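These are the residues of each chain, in order.
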Amino acid sequence: YVRKRPASVKSASPAQLQVRAKLKKANLFANTFRQIICICWIEKYKKVYPFDEAMSHLLSRAMEIADDKPRILFDQVWLSRGRLMPPQNASFIFDKGDAVIQWTYLPRTSVDDEAIAVFYNETIEAGLVLREKAIRKDGGIRSAFPNGFIKGKIHGYLLFLRRDGKDASPTTYLGSILNT
């Protein structure tokens, strides 16, 4: 038995088109940070893959449909998950073309956790990850962005990764800055 090709195909319903657009946007965002998610998502259940967990959270809690278009709720995004203490009093500004991220170092936390700053330019749909630039006790990172990345609406995140890579902090949303 060989199945024949159908004579006609129904076009997708509006609900199907919305779901497809939501999946496309979520995939584009999550795949941009796949490597960081896989490193910094510390899960106690080994049968669940970190990227799948992060994608599930993004689709169920960090996205909405507004005006028939999917929209990411950037302050709800998780790029890491673990038991380390999250960054305290974290902030993000631009100063003379450099991104400046600052946080408060608390003495009861580990000194040598690696600070990882993650940025997403919503306008050009591109991501940037700053690693190995600072540790927790430094209290800040200052770094220049590539020229093409500076213009537009930029969202910032900060997280810490233990030096041995066995634990991470939850993601802290630093806010967004609109550069024109």
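In case you missed it, the structure is sitting above this.
First, a word on what this report is: a plain description of the structure on this page. (Residues numbered from 1 in each chain as written. Predicted model: local features only at pLDDT ≥ 70, side-chain atom pairs only at ≥ 80, totals over all residues. Heavy atoms only, no water.)

A word on the side chain of Asn-121
Here Asn-121 lies in strand 5 (residues 114–121). Owing to a relative accessible area of 0%, Asn-121 belongs among the buried residues under this scheme. (Helix = DSSP H or I, 4+ residues; strand = E, 2+ residues; numbered from the N terminus. Buried < 20%, exposed > 50% of the residue type's maximum accessible area, 1.4 Å probe, protein only.)

Notes on the sheet that holds strand 5
On the basis of which strands lie adjacent, the open sheet formed by 4 strands has the order 6-5-8-9 and antiparallel pairing. A strand with exactly one partner marks an edge of an open sheet, and here the two such strands are strand 6 (126–135) and strand 9 (172–179). On average, each strand axis in the sheet is tilted by 20° relative to the strand beside it, whichever way the strands run. (Pairing = 2+ DSSP bridges. Axes fitted to C-alpha atoms, helices over the stretch in contact; angles between N-to-C directions.)

Some thoughts on the sheet that holds strand 3 (residues 88–95)
Spatial strand order, 3-4-7: 3 strands in an open sheet with antiparallel pairing. Strands with a single pairing partner mark the edges of an open sheet, and in this sheet they are strand 3 and strand 7 (140–144). Looking at each pair of strands side by side, their axes are set apart by 10° on average, direction ignored.

Section: unusual backbone geometry
Of note in this structure, Asp-68 is not a glycine but carries a positive phi near 60°. With respect to the helices and strands, Asp-68 occurs in the loop between strand 1 (63–66) and strand 2 (69–72).

Considerations on helix 1 (residues 14–32)
Given a rise of 1.5 Å per residue, 19 residues ought to cover 27 Å, and the 27 Å separating the end C-alpha atoms of helix 1 matches this to within 8%. When we look at burial in helix 1, the residues that qualify are Ala-26, Phe-29 and Ala-30. Seen end-on, helix 1 carries its buried residues on one side only, within an arc spanning 90°. Exposed side chains of helix 1 directed beyond 90 degrees from the buried face belong to Arg-20 and Lys-24. Here the buried face of helix 1 lies against helix 2 (34–40), helix 3 (50–61), strand 1, strand 2, strand 5 and strand 8 (152–161). (Expected span 1.5 Å × (residues − 1). Arc of directions from axis to C-beta. Contact = heavy atoms within 4.5 Å.)

Purely spatial values, then, with no claim about function.
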